[in-house]
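# Fold and geometry: a report
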Amino acid sequence: MAGRVDRGRVERELVRQCHAGLSLPDLRQRVLRSLRRVVPVDAAFVATADPATLLFTGAHAEEPLASSTARFLENEFSAADVNRFAGLATASRHVSSLDLATHGDRFASPRYGEIMRPLGLGDELRAALVAGAECWGYLCLHRADGGQGFTARELELVARIGPHVAAGIRDATARSAGRAGPPRPGVLIVSDDLALVASTPEAEALAELIDGGPGELPVAVQALVSALLAAERGRGPMPLGSTVRARTGEWLHLSASRLSGAAGRSVSVVLDPTRPGAAAAARLAGLALTPREAEVATLVLRGRSTREISTALLISAHTVQDHLKSVFDKTGVRSRRELVGLLLASPGS
């Protein structure tokens, strides 16, 4: 029956859906439904990401993945393992499978031996969803253990549709980038085993606007705390924070820091809706820039000099200046400082 599916038609329809102006939940649902018509999948995970930090900003996990979220996050940020999402985001190829990365020796991956195999899962296909130079999310597809792994044809399909899914996430994000959030930040106190210890009323309300229910810890918070714990163990850089778009369109900046005291070790996470400038990447995506101009503007936003931009993009300093002049003309600014101010301006300012 599956052999009768018109794979080309399904792929074209999937790409069309990515550019149809769907909301993030609708986009996720339709992408997974279409993919399953041509790629057998037993469990799936889809996440949005902050292009600046590559941290998760939201996620949807099917069972049995959802019940093991904390263990997957610990592996992602603390273990030396194959196909880690941030690595795929910065690699030349953004899609891989467990079998491909381990050359068929799944036990070479701690994630397989310690988490996936006990859950009855076998091969895993992972993709960083990259549009232009920015990663906007991640996709992870699983198959039951003992069955056939993902084929080269299936990896190529996901590699082709990945940039379109990323563009769909980016565009859905950009459409709400100008909305302002509530005025008061909130604080969550989280234990080292990712349990919620305490919270302010403001933080509870803001957390529910991300992807958590009452008393639940959003995946974006779990990911940030996991990154901090990994940094403390010398297994990664200290996270600067991440940017999350709430279901209502508000922008929240999340930052984490270590607390210590008589009650034991814990982490403080501040959810700050007063920093809409963290949505600069989404605002940049909404400007009428060419892909190369957008890359130059992104590097300017990150404080890179003309020489550094030239080296990073493998173009001459003169070409950098030409692109920058075009960016200035299109955005109506006259300097790098004004461009950064435009991208980091608060809504309504």
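Residues numbered from 1 in each chain as written. Predicted model: local features only at pLDDT ≥ 70, side-chain atom pairs only at ≥ 80, totals over all residues. Heavy atoms only, no water.

## A look at the sheet that holds strand 1 (residues 43-49)
Reading across from one edge, 2-1-5-4-3 is the order of the five strands in this open sheet, with antiparallel pairing throughout. At either margin of the open sheet sits one strand with a lone partner, and together these are strand 2 (56-61) and strand 3 (95-97). With direction set aside, neighbouring strand axes in the sheet form an average angle of 10 degrees. The sheet contact formed by strand 1 and strand 5 (residues 134-144) spans six bridges and is antiparallel. The partner of Thr-48 across the bridge, within strand 5, is Gly-137. Each of strand 1, strand 2 and strand 5 touches helix 2 (residues 24-38); the most contacted strand, strand 1, lies at about 145 degrees to it. (Pairing = 2+ DSSP bridges. Helix = DSSP H or I, 4+ residues; strand = E, 2+ residues; numbered from the N terminus. Axes fitted to C-alpha atoms, helices over the stretch in contact; angles between N-to-C directions. Contact = heavy atoms within 4.5 Å.)

## As for the nonpolar core
By size, the foremost hydrophobic cluster in this structure holds 47 residues, and its most contacted members are Phe-56, Tyr-138, Leu-188, Val-221, Val-225, Leu-254 and Val-269. The element best represented in this core is helix 9 (residues 219-232), accounting for ten residues. Once you skip the residues sitting within four places of it in the chain, Tyr-138 turns out to touch Phe-45, Val-46, Ala-47, Ala-49, Leu-54, Phe-56, Phe-85, Ala-86, Ala-89, Ala-127, Ala-128 and Leu-129. Ranked by size, the runner-up nonpolar core spans 31 residues in total, among them Cys-18, Leu-32, Ala-131 and Leu-157. (Core = buried A, V, L, I, M, F, W, Y, C linked by side-chain atoms within 4.5 Å. Buried < 20%, exposed > 50% of the residue type's maximum accessible area, 1.4 Å probe, protein only.)

## Notes on the confidence of the model for the chain
Scored by pLDDT, the chain has a mean of 85; 87% of the residues are at 70 or more. Within the chain, the element-level pLDDT minimum falls on helix 10 (residues 280-285), averaging 64, and the maximum on strand 3, averaging 98. With pLDDT under 50 throughout, residues 178-182 is counted as low confidence; its partners more than four residues away or in other chains account for 13 contacts. (pLDDT = per-residue confidence, 0-100.)

## As for unusual backbone geometry
For the bond running from Glu-63 to Pro-64, omega is 5 degrees, close enough to zero to count as cis. For His-103, which is not glycine, the phi torsion reads 55 degrees and is therefore positive. Position of His-103 relative to the elements: it lies in the loop between helix 5 (98-101) and helix 6 (110-116). Given the relative accessible area of 75%, His-103 is considered exposed. Here Leu-194, not a glycine, exhibits a phi torsion of approximately 65 degrees, which is positive.

## As for the sheet that holds strand 7 (residues 196-199)
Strand pairing in a sheet is mediated by backbone hydrogen bonds. Such pairs are either parallel or antiparallel. Spatial ordering of the open sheet is given by 7-6-10-9-8, a layout of five strands whose pairing is antiparallel. Sheet topology places strand 7 and strand 8 (242-245) at the edges, where each strand pairs with a single neighbour. Within this sheet the neighbouring strands show an average axis-to-axis angle of 25 degrees, counted without direction. Strand direction decides the pairing type here: strand 6 (residues 186-191) and strand 7, joined by three bridges, are antiparallel. Within strand 7, the residue paired with Ile-189 across the bridge is Ala-198. In the packing of helix 8 (residues 201-210) onto the sheet, contacts are made with strand 6, strand 7, strand 8, strand 9 (251-259) and strand 10 (266-272), and the angle to strand 6 comes to roughly 80 degrees.

## Section: the pattern of salt bridges
Inspection of every chain in the model, using the stated rule, returns 20 salt bridges. Between Arg-170 and Asp-171 there is a salt bridge; the shortest N-O distance is 3.0 Å. Note on Arg-170: relative accessible area 23%, which makes it partly exposed. Among the salt bridges present, the one from Arg-265 reaches Asp-192, with a minimum N-O distance of 3.8 Å. Here Arg-265, found in the loop between strand 9 and strand 10, pairs with Asp-192, found in the loop between strand 6 and strand 7; they are 73 residues apart in sequence, far enough to count as distant. (Salt bridge = Lys/Arg side-chain N within 4 Å of Asp/Glu carboxyl O.)

## A few points about helix 2
In a regular helix each residue adds 1.5 Å, so 15 residues correspond to 21 Å; helix 2 covers 22 Å between its end C-alpha atoms and thus fits that length. What helix 2 keeps buried is the set Leu-24, Leu-27, Val-31, Leu-32, Ser-34, Leu-35 and Val-38. (Expected span 1.5 Å × (residues − 1).)

## Focus: the packing of helix 1 (residues 7-18) against helix 2
Where helix 1 meets helix 2, the axes come as close as 10 Å, and the angle between the chain directions of the two elements is 170 degrees. Considered as vectors, helix 1 and helix 2 are oriented roughly antiparallel to each other. Between helix 1, through Arg-7, Val-10, Leu-14, Gln-17 and Cys-18, and helix 2, the contact on the second element is made entirely by Leu-27, Arg-30, Val-31, Ser-34, Leu-35, Arg-37 and Val-38. Taken together, the residues of the contact of helix 1 with helix 2 sort by class into seven nonpolar, two polar and three charged. (Parallel < 35°, antiparallel > 145°, perpendicular 65-115°, else oblique. Nonpolar A, V, L, I, M, F, W, Y, C, P; charged D, E, K, R; others polar.)

## As for the pairing of strand 5
In terms of burial, strand 5 is a largely internal element, ten of the eleven residues being buried. Two strands pair when backbone bridges link them, and strand 4 (residues 121-131) and strand 5 are joined in this way by nine bridges, in the antiparallel orientation. Looking at the pairing, Val-130 lines up with Cys-135 of strand 5. In textbook terms, the turn of a hairpin is the stretch between consecutive antiparallel strands, and for strand 4 and strand 5 this stretch comprises two residues, one of which, Gly-132, has a positive phi near 65 degrees.

## Brief notes about the packing of aromatic side chains
Applying the stated criterion to the full structure yields seven aromatic pairs. Here Phe-56 and Phe-85 contribute two aromatic rings whose centre-to-centre distance is 5.8 Å and whose plane-to-plane angle is 75 degrees, an arrangement assigned as edge-to-face. Placement of the pair is Phe-56 in strand 2 and Phe-85 in helix 4 (residues 85-90), with a sequence separation of 29 residues. With respect to class, Phe-56 is no different from Phe-85; both count as buried. Taken together, the ring pairs in this structure connect Phe-45, Phe-56, Phe-77, Phe-85 and Tyr-138 into an aromatic cluster. One cation-aromatic arrangement involves Arg-126 over Phe-85; the distance from NZ or CZ to the ring centre is 3.9 Å. (Phe/Tyr/Trp six-rings, centres within 6.5 Å; stacked < 30°, edge-to-face > 60°. Lys NZ or Arg CZ within 6 Å of the ring centre and 35° of its normal.)

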